[in-house]
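# Structural features, examined
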Amino acid sequence: MDVLQQISESLQRGEDKKVAELTRQAIDAGLAAGQILNNGLLAGMDVVSARFGANEIFLPEVLLAARAMNAGMTLISPLLIADDVRSLGKVVIGTVKGDLHDIGKNLVGVMLKGAGFEVIDLGANVAPERFVETAEAEGAQVVGLSALLTTTMAGMKDVVSLLKDRGLDGRVKVIVGGAPLSQAFAEEIGADGYGYDASNAVTLVKRLTGVAS
Ligand code: B1M
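The sections below set out a description of the structure shown in this document. Quantities reported herein were computed from a predicted structural model and do not represent experimental measurements. (Residues numbered from 1 in each chain as written. Predicted model: local features only at pLDDT ≥ 70, side-chain atom pairs only at ≥ 80, totals over all residues. Heavy atoms only, no water.)

### What about the overall build of the protein chain?
Just so we agree on the cut-off: Elements are defined by DSSP. Helices are runs of H or I of four residues or more, strands are runs of E of two residues or more, and each kind is numbered from the N terminus. Radius of gyration here uses only the C-alpha atoms, and the compact-globule reference equals 2.2 Å multiplied by the residue count raised to the power 0.38. Relative accessibility under 20% of the residue-type maximum defines a buried residue, over 50% an exposed one, and the middle range a partly exposed one, all with a 1.4 Å probe and only protein chains included. What makes two residues a contact is simply this: any of their non-hydrogen atoms within 4.5 Å. The sign given to each residue is positive for Lys and Arg and negative for Asp and Glu; His and the chain ends receive no count. Here the site of a charge means atom NZ of a Lys, CZ of an Arg, CG of an Asp or CD of a Glu.
Of regular secondary structure, the protein chain possesses 10 helices and 5 strands. Here the C-alpha atoms of the protein chain give a radius of gyration of 18 Å, agreeing with the 17 Å that 2.2 N^0.38 yields for 213 residues. In terms of principal-axis extent, the alpha carbons of the protein chain reach across some 55 × 40 × 25 Å. Looking at the protein chain as a whole, 45% of its 213 residues are labelled buried. Long-range pairs, those at least 24 residues apart, make up 71% of the contacts in the protein chain between residues at least 6 apart in sequence. For the protein chain, the distance from the average position of its 19 positive side-chain charges to the average position of its 26 negative side-chain charges is 3 Å.

If you want it as structure tokens, here you go:
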């Protein structure tokens, strides 16, 4: 079994130390960080997601898998982030209020940093006021909202509305993403874009900030 397959399987078993050790091995063997992410860590998380959805595993196992995912991400994140300190713009990101899922949001943050953006990560369970106040105080061009629950995605509209109330709409763009979302939902709540994955989020932010057309 190759090392990427081993990472995936260890992650599925929730073995954080083993995942870290195997990820280190893969890096030392010269595998690209993107390959370790997609074919090792995310491949394992996909299986966990499917098994959780099918009620074959439960929250404690998913928590352990998430911890193992983080153990691997900690090692590859610096490799995915550009070394030069040029800043193409500022982006405030976070997972919306009531929602603790942060793996996808963290990935978006890493990819944005890798592309040269300054990222202010507010974490998970973030209230609308905090997104808006931070964007205003920091002079951010974009706010990126993540939600993984159908019950919390509705809260994204509050951020869009609050930006409007404070006269910041237009100046601060909003992008949204997360498994239960869609382009139609983004349009419905008045967001400026929907990112179906982390690299698509980067494309969107580049377009919205005028870095790319
Ligand atoms: Co939860 N969970 N979870 N969970 N969890 C889901 C989301 C669920 C679909 C599982 C299922 O039932 N099939 C389900 C939601 C159902 C629904 O709402 N329709 C669910 C549930 C129900 C729950 C709880 C309510 C369970 C309970 O307590 N009974 C609870 C809620 C807690 C809370 O938030 N208040 C809960 C808890 C948890 C854990 C804490 C155990 C853990 C999270 C750990 C953590 O994040 N630190 C967890 C996990 C890991 C999952 C699954 C299995 C995996 C999510 C994940 O990390 N995927 C998930 C199953 C699934 O999604 N199918 C599930 C990997 C990640 C890379 O993908 O986050 O989709 P994702 O991000 C993608 C894209 O969506 C996109 O880019 C990323 C990839 O490039 N993206 C963006 C994400 N954000 C973006 C932002 C952007 C652009 C793109 O721009 C800003």
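That covers the picture; the talk isn't over yet.
### A look at the coordination of the cobalt atom of the ligand
For clarity, the cut-off: For Na, K and Ca the donor cut-off is 3.2 Å; for every other metal, N, O and S atoms count as donors within 2.8 Å. Water does not enter the count, which can leave sites looking incomplete.
Exactly one donor from the protein chain reaches the cobalt atom of the ligand: His101 (NE2), at 2.2 Å. The residue His101 is located in the loop between β1 (90–95) and α5 (103–115) in this model.

### Points about the sheet that holds β1
Selection criterion: Following DSSP output, two strands are said to pair if at least two bridges run between them. Simply put, an axis is a line fit to the C-alpha atoms, just over the touching stretch for a helix, and the angle between two N-to-C directions goes from 0 to 180 degrees.
A sheet is described by the order of its strands in space; here 5 strands give the open sequence β2-β1-β3-β4-β5, paired in parallel fashion. The open sheet has two edge strands with one neighbour each: β2 (118–121) and β5 (193–195). Neighbour-to-neighbour, the strand axes of the sheet open up by a mean angle of 25°, direction not taken into account. Judged from the 4 bridges that link them, β1 and β2 form a sheet pairing that is parallel. Looking at β2, one finds that Val91 is bridged to Val119. Running at roughly 180° to strand β4 (residues 173–177), helix α8 (residues 156–165) makes contact with β3 (142–146) and β4 of the sheet. Helix α10 (residues 198–208) rests against β1, β3, β4 and β5 of the sheet, and its axis sits at about 155° to β5.

### A short note on the pattern of salt bridges
Quick note on the threshold: Salt bridge criterion: a side-chain nitrogen from Lys or Arg within 4 Å of a carboxyl oxygen from Asp or Glu.
Tallied over the full model, the rule gives 7 salt bridges. The salt bridge partner of Lys18 is Glu21, with a shortest N-O separation of 3.9 Å. With Lys18 and Glu21 both in helix α2 (residues 16–28), this residue pair falls 3 residues apart, about one helical turn. Residue classification places Lys18 among the partly exposed positions, given a relative accessible area of 36%. Between Asp28 and Arg24 there is a salt bridge whose closest N-O contact spans 3.8 Å. Pair noted here: Asp28 and Arg24 are both in helix α2, with a separation of 4 residues, about one helical turn. On the accessibility criterion, Asp28 (58% relative accessible area) is exposed. Under the relative-accessibility criterion, Arg24 is labelled partly exposed at 39%.

### Overview of the site of the ligand
Inclusion rule: Summary of the distance rule: residues count as near a molecule or strand when at least one heavy atom falls within 4 Å of that molecule or strand. N or O atoms within 3.5 Å of each other form a polar contact, as long as, within protein, one can give a hydrogen and the other can take it, and as long as residues adjacent in sequence are counted only when both atoms are side-chain atoms.
Neighbouring residues of the ligand: 34 residues in total, closest Leu100, His101, Asp102, Ser146 and Thr150. Thr150 places a main-chain nitrogen or oxygen 2.9 Å from an oxygen atom of the ligand. Between the ligand and the protein, one listed contact pairs an oxygen atom with a backbone N or O atom of Ala198 at 2.9 Å. Listed by contribution, the elements that provide at least two residues to the shell around the ligand are α3 (33–53), α4 (59–80), α5, β3, β4 and α10. When residues in the shell around the ligand are grouped by element, the largest group, 5 residues, is from α3.

Treat this as a map of the structure, not an account of what it does.
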